[in-house]
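In case you want the letters, here they are:
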Amino acid sequence: EAQVTQNPRYLITVTGKKLTVTCSQNMNHEYMSWYRQDPGLGLRQIYYSMNVEVTDKGDVPEGYKVSRKEKRNFPLILESPSPNQTSLYFCASSLIYEQYFGPGTRLTVT
Amino acid sequence: GQSLEQPSEVTAVEGAIVQINCTYQTSGFYGLSWYQQHDGGAPTFLSYNALDGLEETGRFSSFLSRSDSYGYLLLQELQMKDSASYFCAVRSSGGYNKLIFGAGTRLAVHP
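Residues numbered from 1 in each chain as written. Chains lettered and ligands numbered in written order. Predicted model: local features only at pLDDT ≥ 70, side-chain atom pairs only at ≥ 80, totals over all residues. Heavy atoms only, no water.

J.: Run through the environment of Val66 of chain A, naming residues and quoting values.
T.: Residue and element names in this part refer to chain A. Along the chain, the position of Val66 falls in strand 7 (residues 65-66). Along the chain, Val66 and Tyr47 lie 19 residues apart, while their C-alpha atoms are 7.2 Å from each other. Those residues in contact with Val66, other than ones at most four positions away along the chain, are Trp34, Tyr47, Thr55, Phe74, Pro75 and Leu76. (Helix = DSSP H or I, 4+ residues; strand = E, 2+ residues; numbered from the N terminus. Contact = heavy atoms within 4.5 Å.)

This is the structure:
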């Protein structure tokens, strides 16, 4: 089954404790992206990657890092999480213009 | 700055037709997409317009006018399961894969 998976689905952590949210797709898509979704703000792009070792900033990259060492994986790294990074995070992949989204990761930073 | 405007809420009854508008102001434009998101779920792709005109996919249609920086999603024969949030998104300057989303329109379908 074609899908995008994210782990963990739910995470509660404390300020400053480094964390990684994994994202994997099995569709051989070149393009992958991370979004955060906050009430009333829609989805905002954090980082995107057009292929292995090629990443670029979206609209809200501050406080986040990504890496793309393999085509199927695109982890999101929060080196020092802060409460304003409490949000719902989605990973997505696409071949051309149709994006396939993962199930989401709800992150709470206290 | 770059922005997309869409109504925050729309209400309709089963069987009716509803139109959700989206106006955009971006420094470049490669295409307008629409996504549907049910509560607690992930966004799912509905349609994409790169050129002016109407694209039809079953009960859903999407329209684009690049000269007016405007598009809409038309939902016909509304069903209760269409109750969801709908987002327009624009591929703008900064790269074909840089996507900007609107804040979303919450559609409530009543019997």
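J.: Give me the packing of aromatic side chains: which residues, what numbers.
T.: Applying the stated criterion across every chain yields a total of 14 aromatic pairs over all chains. With a centroid separation of 5.7 Å and 50° between ring planes, the pair formed by Tyr35 of chain B and Phe101 of chain B is classed as tilted. With Tyr35 of chain B in strand 4 (residues 31-37) and Phe101 of chain B in strand 10 (residues 99-101), this residue pair connects regions lying 66 residues apart in the sequence. As far as the burial class goes, Tyr35 of chain B and Phe101 of chain B line up, both buried. Put simply, the rings of Tyr35, Phe90, Tyr97 and Phe101 of chain A together with Tyr35, Phe45, Tyr48 and Phe101 of chain B pair up and form one aromatic cluster. The side chain of Arg68 of chain A reaches across the aromatic face of Phe74 of chain A, ending 6.0 Å from its centre. (Phe/Tyr/Trp six-rings, centres within 6.5 Å; stacked < 30°, edge-to-face > 60°. Buried < 20%, exposed > 50% of the residue type's maximum accessible area, 1.4 Å probe, protein only. Lys NZ or Arg CZ within 6 Å of the ring centre and 35° of its normal.)

J.: Pulling in residues and values, what's your account of the state of the cysteines?
T.: The tally for this structure, following the rule as stated, stands at two disulfides over all chains. Cys23 of chain A shares a disulfide with Cys91 of chain A; S-S distance 1.8 Å. One disulfide, between Cys23 of chain A and Cys91 of chain A, carries an S-S torsion of -70° and so falls in the left-handed class. Here the residue Cys23 of chain A occupies a position in strand 3 (residues 19-25), and Cys91 of chain A occupies one in strand 9 (residues 87-94), the gap between them amounting to 68 residues. Residue Cys91 of chain A is classed as buried on the basis of its relative accessible area of 0%. What pairs with Cys22 of chain B in a disulfide is Cys88 of chain B, and their sulfur atoms sit 2.2 Å apart. Between Cys22 of chain B and Cys88 of chain B the sulfur-sulfur dihedral comes to about 75°; the bridge is accordingly right-handed. Linking Cys22 of chain B in strand 3 (residues 18-25) with Cys88 of chain B in strand 9 (residues 84-91), this pair joins segments that are 66 residues apart in sequence. The pair formed by Cys22 of chain B and Cys88 of chain B is uniform in burial state, with each residue classed as buried. (Disulfide = S-S within 2.5 Å.)

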